[in-house]
Amino acid sequence: MNDKPEKLIDKKGVRLDGRKADELRPVKVQVGVLPNADGSAYIEHGKNKILVGVFGPREVHPKHLSMSDRMVIKCRYHMAPFSVQERKSPAPSRREVELSKVIRESLEPSVFVDLYPRTGIDVFIEVLQADGGTRCAAITAASLAIADAGIPLRDLVVACAAGKIDDTVVLDLYDAEDKLGMADVPVAYMPNLNAVTLLQMDGVLAPEEFETAVNMAVEGCKKIYLVQKEALRTKYMTTVVKEEAEE
Amino acid sequence: MPTFFEKKQLVTPGELLAEGDYQPGENTYMEENRIYAQRIGLVDAENKRVNVVALRAFYVPKVGDIVIGTVIEVGFNGWTVDIKAPYTAMLRASDVLSRPFKPQNDELSQVLNAGDLIVAKIASYDRAHDPQLTVGEPGLGKITRGQIMRVTPTKVPRVIGRKGSMISNIKQETGCQIILGVNGVILVTGKNTADEELAMMAIRKIEEESHTSGLTDRITQLLKEEKSKMEENKT
Amino acid sequence: MSTVLTRVKQKQIAQLIDAGKRLDGRGLTDHREFTIEEGLIERAEGSARIRLGKTDVLVGVKIETGEPFPDTPNDGVLTVNAELVPLASPNFEPGPPDENSIELARIVDRGIRESKAVDTEKLCIEPGKKVFVVFVDVYILNHDGNLIDAAALAAVSALINAKMPNYEIEDGEVKIKTGYSPLPLKSHPITVTMAKINDKLIVDPWIEEEQVMDARISIAINDEGNICAIQKGGAGFFSPQKILEASKLAQEKAVELRKKLGW
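From a predicted model like this one, the values you see are computed outputs, not experimental measurements.

J.: Requested: an account of unusual backbone geometry, with residues and values cited.
T.: The residue after glycine 56 of chain A, namely proline 57 of chain A, is reached through a cis peptide bond having omega 0°. Take proline 57 of chain A: it is sitting in strand β3 (residues 48-59). Phi at lysine 48 of chain B takes a positive value of approximately 70°, unusual for a residue other than glycine. Along the polypeptide, lysine 48 of chain B turns up in the loop between β6 (41-46) and β7 (49-54). Among the residues examined, lysine 48 of chain B registers a relative accessible area of 41% and is labelled partly exposed. One non-glycine residue, aspartate 204 of chain C, lies in positive phi territory at about 55°.

Structure representation (structure tokens):
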């Protein structure tokens, strides 16, 4: 096994990857990258590389899964076999099944499901490379893909995790910190509505530490939200120029 | 009572547009007394009504819309038609056949088969039922010639232009017949493929540059230039 | 065929909650009465059955020997599985575990694992070669709401009840001796699930309250009062303030339950 580092964060508050406690990894997003999908987005969050395609609203098959008064949201979180250190079998693992569910539940509050009864949207998340915090990066991209599909939303959903390494609460753990750290708290958030739509925690945290972690994660979310909005503006701004009076 | 945007500003879903004495218009929603955007688009207010012109939206059927669709299935008493909407549409046999319909005798696939294109009108549609189509009016029915292209439905009004100016120019310059489905599917029928491609290129350009000004003139200019090139190549 | 709550009932539940009451007369933060029976399945190394109101969950613990995971050669193995047995609800269908049973198993697992309830180091027989493998199987017998807390409480009770065979190593071979020892436990985590209805938090939701709620949050607390697992569920949301409110409430209820259970 690899030798475990002595400390994950040193006395000066610098982490193994050079970041400070409340520093995010770099985030880059692109919208509208898959020509065949109704909406799509690609995100690089630290070393995470995740692609999301959205189809719909469209009729639900099999029909008995459709709901007469609202839209159904289906979500599949899946990791490519080459996305992790040790090749992962392509068959869905229990973790992927759970994540598919919690990610769906994080996106659903943002969608106006009552507007299009008897239809469904499919959200397909493919993790091409994983380095800790994939569910958060996936949610950030998935929400953009849903907006890119022209589906009406209450707000974009953005996600970020906080956690504890050694004795310090830090923002945005990468894989090594998640594995060797004391706790991980992923949070998904709709900033304009101050609504947390995903919250999980594993590890051990004193209640005050948990409060610090949640607040830190929410602040991280707000920063990534700006990146999301910018990505949408970039895609749709290229054809928009201030309109003058027409002849 | 404030608004939080400039005229025609690009807004994203969830962005706060106004607070107080305003009404939520297109692609917006209201929470308590605040109005937020639902889609990516350009925001504007008209008489206290805040609207967002969506830059990205799918087609939602409305009774009376002319649409172009593809037959996907021949059923027992009609056809299922893909109109590029969240719901598939139905065209009843009784609507197409001018005489009473006998399931045993009439072979529906002879009339319309899977893969056929039709121009139709939305006859009925509501929350509980899929849209029903009709082809019982002049100009509607099976498409036999021409080329099909798709634009995002929000751009169709731009292709039409103010008082139809844009679409008339294209028709004039290319000599093509153009049917614009409200669902973003467009049929271009010309005397030859070169004319049809010219018209299609112009429409694609409109979709790309839809929010620039002076577009109608530029398109007309472009069409004239291309046509003279075509004439030169002929001689 | 899912049972749909009538609009009238939905309204009734919501109105009562606004007035601080629930359909069965409980206060918003009261648990239902519950009883736990231990050791009822003799074939299993440990077992416990909880009746939380009408929710009925049976957990069996089987202990076998096996190989440790390569990255934890000195630790025993703990695995949790849950089965939403079809007889427990008209909505449960036979077949491989669906997302609900997988989520349930993983939440119960997290509470036990992160609190280090089972002292996995003491389960090591021969480092790198042989360890005890503890199988915790959650069997839902009747679903009347709050499967998470019922399953979690029954699982820990079953672990408390569980016994490991005594053994000795002779010539590099593991020989089982007579007699049993209790499974070595370091913590007794308690999970508290709260549903949000009309912006109020209600503890231990009953099935009809679950059908009306817009979201739920489950928080597992260890013996020291620290949080060791959290899972938000449902298609709704919580404000950050509401989450901290839930955290405080969970801590209070955990203390209450710990006293009641004697853990």
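And the narrative resumes.
J.: Run through the packing of aromatic side chains, naming residues and quoting values.
T.: Taken as a whole and judged by the stated rule, the model has six aromatic pairs over all chains. Cluster of aromatic residues (ring-pair linked, three or more members): Phe112 of chain A together with Tyr29 and Tyr36 of chain B. The residue whose ring lies beneath arginine 154 of chain A is phenylalanine 112 of chain A, and the NZ or CZ to ring-centre distance is 4.4 Å. Sitting above the plane of the tyrosine 22 of chain B ring, lysine 48 of chain B keeps its charged end 4.7 Å from the centroid.

J.: Tell me about the state of the cysteines, and please be specific about residues and values.
T.: Following the criterion strictly, the structure yields zero disulfides over all chains and no others. Cysteine 136 of chain A takes part in no disulfide bond, and the closest cysteine sulfur to it belongs to cysteine 160 of chain A, at a distance of 6.3 Å.

J.: Could you give an account of the interface of chain A and chain C, with specific residues and numbers?
T.: Facing the 29 residues of chain A at the interface are 35 residues of chain C. Note on chain A versus chain C: buried area summed over both sides is about 2900 Å², and carbon and sulfur give 58% of it. Joining chain A to chain C, the criterion identifies four salt bridges. Of the charged contacts, one joins arginine 106 of chain C and glutamate 98 of chain A as a salt bridge, the two residues approaching to 2.3 Å between their closest N and O atoms. Of all the secondary structure elements, the ones that give two or more residues to the side of chain A that touches chain C are α1 (94-107), β8 (183-190), β9 (195-205) and α4 (207-237) of chain A.

J.: Can you explain the sheet that holds strand β15 (residues 177-180) of chain B? Please cite residues and give values.
T.: In sheet architecture, strand pairing relies on hydrogen bonds along the backbone and comes in two forms, parallel and antiparallel. All names here are of chain B. In space, the three strands of this open sheet follow the order β14-β16-β15, with antiparallel pairing throughout. Bordering the open sheet on either side are β14 (147-150) and β15, each of which pairs with just one other strand. For this sheet, the mean inter-axis angle between neighbouring strands, taken without regard to orientation, is 20°. As paired strands, β14 and strand β16 (residues 185-189) are joined by four bridges and run antiparallel to one another. Note on β16: the bridge partner recorded for glutamine 147 is valine 188. Sitting on the sheet, helix α5 (residues 193-208) touches β14, β15 and β16, and the angle it makes with β14 is about 10°.

J.: I'd love a proper account of the side chain of glutamate 207 of chain B, names of residues and values included.
T.: All names here are of chain B. In this structure, glutamate 207 sits in helix α5. With no salt bridge to any partner, buried glutamate 207 finds its closest opposite charge in lysine 155, at an N-O distance of 5.4 Å. If near-sequence neighbours (up to four positions away) are discounted, glutamate 207 is found in contact with Arg150, Val151, Thr152 and Lys155.

J.: Describe the side chain of lysine 232 of chain C, listing the residues and the values that go with them.
T.: Position of lysine 232 of chain C relative to the elements: it lies in strand β12 (residues 227-233). No salt bridge is formed by the buried lysine 232 of chain C. Its closest oppositely charged neighbour is glutamate 105 of chain A, at 5.4 Å. A polar side-chain atom of lysine 232 of chain C sits 2.9 Å from the main-chain carbonyl oxygen of glycine 236 of chain C. The contact partners of lysine 232 of chain C, leaving out residues within four places of it in the chain, are Glu105, Thr197, Leu198 and Leu199 of chain A together with Ala215, Arg216, Ile217 and Phe238 of chain C.

J.: Provide a residue-level description of the pattern of salt bridges, including the pertinent values.
T.: All names here are of chain C. Going through the model one piece at a time under the given rule, you end up with 54 salt bridges over all chains. With a shortest N-O distance of 2.9 Å, arginine 22 and glutamate 209 are connected by a salt bridge. Taken together, the residues span a long stretch of sequence, with arginine 22 in the loop between α1 (7-18) and β1 (34-38) and glutamate 209 in helix α4 (residues 207-212) at a distance of 187 residues. Just as arginine 22 is buried, glutamate 209 falls in that class too. Note that lysine 242 is salt-bridged to aspartate 199, the shortest N-O span being 3.9 Å.

J.: Go over the sheet that holds β8 of chain A with me, naming the residues and quoting the values.
T.: If you walk across this open sheet you meet the eight strands as β7(A)-β6(A)-β8(A)-β9(A)-β12(C)-β11(C)-β9(C)-β10(C), and the pairing is antiparallel. Strands at the two margins of the open sheet, each flanked by one partner only, are β7 (168-171) of chain A together with β10 (200-203) of chain C. Along the sheet, successive strands turn relative to each other by an average axial angle of 20°, direction set aside. With seven bridges connecting them, strand β9 (residues 190-197) of chain C and strand β11 (residues 215-221) of chain C associate as antiparallel partners. Opposite threonine 193 of chain C, over in β11 of chain C, you have serine 218 of chain C as the bridge partner. Lying over the sheet, α1 of chain A contacts β8 and β9 of chain A together with β11 and β12 of chain C, oriented at roughly 140° with respect to β9 of chain A. Strands in contact with helix α3 (residues 147-161) of chain C are β9 and β11 of chain C; relative to β9 of chain C, the strand with the most contacts, it is inclined by about 175°.

J.: Describe the interface of chain B and chain A, with residues and values.
T.: Accessible area lost upon the coming together of the parts serves often as the stated size of an interface. Counting residues at the interface gives 37 residues for chain B and 38 residues for chain A. For the pair chain B and chain A, the summed buried area comes to about 3400 Å², and 51% of that belongs to carbon and sulfur atoms. Applying the counting criterion to the chain B and chain A interface returns two salt bridges. Among the salt bridges present, the one from glutamate 15 of chain B reaches arginine 233 of chain A, with a minimum N-O distance of 3.7 Å. The interface formed by chain B and chain A holds 14 residue pairs in polar contact (both at pLDDT 80 or more) in total. Mapped onto the side of chain B that touches chain A, the elements with two or more residues apiece are β5 (34-37), β12 (129-134) and α6 (215-234) of chain B. Residues of the side of chain B that touches chain A, tallied by class, amount to 15 nonpolar, ten polar and twelve charged.

J.: Could you give an account of the domain arrangement of chain B, with specific residues and numbers?
T.: Taken domain by domain, chain B consists of domain 1 (9-54), domain 2 (66-142) and domain 3 (147-234). The centre of domain 1 of chain B, based on its C-alpha atoms, is set 37 Å off from the matching centre of domain 2 of chain B.

J.: Hey, could you go over the packing of α1 of chain A against helix α2 (residues 99-114) of chain C for me, with residue numbers and the actual values?
T.: Close contact between α1 of chain A and α2 of chain C brings their axes to 9 Å; oriented N to C, the two are set at 100°. Our classification of the angle between α1 of chain A and α2 of chain C gives roughly perpendicular. Residues Arg94, Arg95, Val97, Glu98, Lys101, Val102 and Arg104 of chain A of α1 of chain A form the contact with α2 of chain C, whose own contacting residues are Glu99, Asn100, Ile102, Glu103, Ala105, Arg106 and Arg110 of chain C. Residues of the contact of α1 of chain A with α2 of chain C, tallied by class, amount to four nonpolar, one polar and nine charged.

About the thresholds
- Residues numbered from 1 in each chain as written.
- Chains lettered and ligands numbered in written order.
- Predicted model: local features only at pLDDT ≥ 70, side-chain atom pairs only at ≥ 80, totals over all residues.
- Heavy atoms only, no water.
- Helix = DSSP H or I, 4+ residues; strand = E, 2+ residues; numbered from the N terminus.
- Buried < 20%, exposed > 50% of the residue type's maximum accessible area, 1.4 Å probe, protein only.
- Phe/Tyr/Trp six-rings, centres within 6.5 Å; stacked < 30°, edge-to-face > 60°.
- Lys NZ or Arg CZ within 6 Å of the ring centre and 35° of its normal.
- Disulfide = S-S within 2.5 Å.
- Contact = heavy atoms within 4.5 Å.
- Buried area = accessible area lost by both parts, 1.4 Å probe.
- Salt bridge = Lys/Arg side-chain N within 4 Å of Asp/Glu carboxyl O.
- Pairing = 2+ DSSP bridges.
- Axes fitted to C-alpha atoms, helices over the stretch in contact; angles between N-to-C directions.
- Lys, Arg positive; Asp, Glu negative; His and termini not counted.
- Polar contact = N/O pair within 3.5 Å; in protein donor to acceptor, adjacent residues only side chain to side chain.
- Nonpolar A, V, L, I, M, F, W, Y, C, P; charged D, E, K, R; others polar.
- Domains from an automatic or database assignment.
- Parallel < 35°, antiparallel > 145°, perpendicular 65-115°, else oblique.

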